[in-house]
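Secondary and tertiary structure notes
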Amino acid sequence: MPSTSMIEDRSEIENRRFEYLDHPADIQLHSWGNKVEEAFEACLVSMFGYMTDLAKVEEQYEFYWKASGDSMDGLLFQFLDEALNSFHAEPCFVAKRVEIIRFDREKFEIEFRGFGESFDTSKHETEADIKSPTYSNMQIIEKPGRCDIYVIVDI
């Protein structure tokens, strides 16, 4: 089975609600959902999926985060950055699934949890090292019944 970032089957991509788009120096994450919360969740899973094969990640425990921003773009950036920090530092957490617990669009605050495990080099392969999300060409496009998110991450 191909790793998370190498899947090209369109039905599988639609089912997981994210894909990776080429970018000259980095990678662009494109996620979607019926509402903005689902698109945020899929975006975070896509970030973890670009770093390692999520098929090898087990839901061994939950990890909780909070983030806030000064706009929707700022909230998305902080949402991704908080989770990325827990991957790069102890406990080196990688989420296979993400659930938003609270999403406040007026205060730009979010509480969320991931279901996964600590990254283990004997079990998980490093596919790419994402250093940070970026604001470059960041887009949150909301339409009735669908939200699309585009984020370029620095690799």
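Residues numbered from 1 in each chain as written. Predicted model: local features only at pLDDT ≥ 70, side-chain atom pairs only at ≥ 80, totals over all residues. Heavy atoms only, no water.

The test is simple: UniProt positions are given in the numbering used here, feature names are shortened, and annotations may be inferred rather than shown by experiment.
The name an unreviewed UniProt entry assigns to the chain is Protein archease-like, from the organism Caenorhabditis tropicalis. Per UniProt, the chain carries the Sequence similarities (unreviewed entry) text "Belongs to the archease family."

1. Quick notes on the pairing of strand β1 (residues 18-22)
Our working rule: Here, any two strands with at least 2 DSSP bridges between them count as paired. The secondary structure listing takes helices from DSSP runs of H or I that are at least 4 residues long and strands from runs of E that are at least 2 residues long, numbered from the N terminus.
Across five bridges, β1 lies against strand β2 (residues 27-33) in antiparallel orientation. Along β2, the bridge assignment pairs E19 with H30. Where β1 folds back on β2, the antiparallel hairpin that results is connected by four residues.

2. Some points on the UniProt feature "domain: Archease" (unreviewed entry) in the chain
Under the UniProt annotation, the feature "domain: Archease" (unreviewed entry) is placed at residues 18-155. The distance from the first to the last C-alpha atom of residues 18-155 is 18 Å, and the span holds 24% helix and 42% strand.

3. Concerning the packing of aromatic side chains
Threshold: Geometry of aromatic contacts follows a simple scheme: Phe, Tyr and Trp rings, the Trp one being its six-membered ring, pair when their centres are within 6.5 Å, and the pair is stacked under 30 degrees between planes, edge-to-face over 60, tilted otherwise. Throughout, exposure labels follow a simple rule: accessible area from a 1.4 Å probe, protein chains only, divided by the maximum for the residue type, with under 20% read as buried, over 50% as exposed, and the rest as partly exposed. Remark: a charge is flagged as sitting over a ring if the NZ atom of Lys or the CZ atom of Arg is within 6 Å of the ring centre and within 35 degrees of the ring normal.
The tally for this structure, following the rule as stated, stands at 13 aromatic pairs. With a centroid separation of 5.2 Å and 55° between ring planes, the pair formed by F40 and F79 is classed as tilted. With a gap of 39 residues between them, F40 in helix α2 (residues 36-51) and F79 in helix α3 (residues 72-88) connect regions that are remote in the sequence. F79 sits in the buried class, given a relative accessible area of 0%. Taking NZ or CZ as reference, R97 lies 3.8 Å from the ring centre of F115, over its face.

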